[in-house]
Amino acid sequence: MINTLINHHFCIKGSAAKEILSVLNTSFSEEFLFDSTFASGFLFEETQKRFLLFDKINEWNYLIWNVWDFEETKKQALFISEKLNTQVYYFFIDPYICTLRWVLADKGKLIRSYYESHNNVLDDEGSFEIEDQIRTELKKQDGKEFWEDKFWLLYEKMCPPIEVMNSYESIAAIKGELI
């Protein structure tokens, strides 16, 4: 179940779920047990800004929400990062629409934002040394790089992939809606 959700989320470093909830403008939040019985349709109600929050997986929290607008997501990453005085990374990939994007923020400052769809770069702001190294290595490969490689290599270096969670065990989580 978790694997189907990994393509669109925030990684938030070193904050407790209560701290994260305190900076989000929520209309409600509720703790629950995330397991195979969870109705994933909860996230796909587009009339509400819904979210799932997974607390402290290693040193990271994972926030998944159903807002797809890149600019709004970038603002949210910067806002959470500033309010919690920490690193917040946002990652999105969808191979069906050939789209990838990420936002890297630290203590409210934008480090890097990138948005690419169908080989067209729609946002390319800031610079990040790890990403630059990955791109340099990919350019050295024989032939053309696969468009997803830069995403997955960066994602795996930045925060532990959410897919490390075992989809067969129940995980405590929080669901809710933003105002």
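Here the structure is a predicted model, which means the values were calculated and not measured.

> Tell me about the sheet that holds strand E6 (residues 99-106), residues and numbers included.
Remark on secondary structure: sheet strands pair via backbone hydrogen bonds, oriented parallel or antiparallel. The strand order across the open sheet built from nine strands is E2-E9-E3-E4-E1-E5-E6-E7-E8, with neighbouring strands paired in antiparallel fashion. At either end of the open sheet lies a strand with only one pairing partner, and these are strand E2 (26-34) and strand E8 (120-126). Adjacent strand axes in the sheet meet at a mean angle of 15° when their direction is disregarded. As paired strands, strand E3 (residues 49-57) and strand E9 (residues 171-178) are joined by six bridges and run antiparallel to one another. Its bridge partner lying in E9, Phe51 is registered against Gly176.

> Can you explain the pairing of strand E4 (residues 60-65)? Please cite residues and give values.
Successive residues of a regular strand alternate their side chains across the two faces of the sheet. Within E4, six of the six residues are buried, leaving the element largely enclosed by the surrounding structure. Here five bridges tie E3 to E4, and the two strands are oriented antiparallel to one another. Its bridge partner being in E4, Leu53 is matched across the sheet by Leu63. In sequence, E3 turns back onto E4 through a hairpin of two residues, with Asn58 there showing a positive phi of about 60°.

> Can you tell me about the layout of surface pockets, naming the residues and giving the values?
By rolling a water-sized probe across the atoms, one finds the places where empty space is left. Taken as a whole, the largest pocket spans an internal volume of roughly 150 Å³. Lining the largest pocket, in full, are Val23, Leu24, Asn25, Lys49, Trp65, Glu72, Lys75, Gln76, Phe79, Leu178 and Ile179. For the lining of the largest pocket, the element with the most residues is helix H2 (residues 70-84), which contributes four residues. When the residues that make up the lining of the largest pocket are grouped by side-chain class, the tally is six nonpolar, two polar and three charged.

The rules we used
- Residues numbered from 1 in each chain as written.
- Predicted model: local features only at pLDDT ≥ 70, side-chain atom pairs only at ≥ 80, totals over all residues.
- Heavy atoms only, no water.
- Pairing = 2+ DSSP bridges.
- Helix = DSSP H or I, 4+ residues; strand = E, 2+ residues; numbered from the N terminus.
- Axes fitted to C-alpha atoms, helices over the stretch in contact; angles between N-to-C directions.
- Buried < 20%, exposed > 50% of the residue type's maximum accessible area, 1.4 Å probe, protein only.
- 1 Å grid on protein atoms, 1.4 Å probe; cavity = no way out; pocket = protein on both sides within 12 Å on 5 of 7 lines; lining within 4 Å.
- Points joined across faces, edges and corners; volume = space filled by probe spheres on them.
- Nonpolar A, V, L, I, M, F, W, Y, C, P; charged D, E, K, R; others polar.

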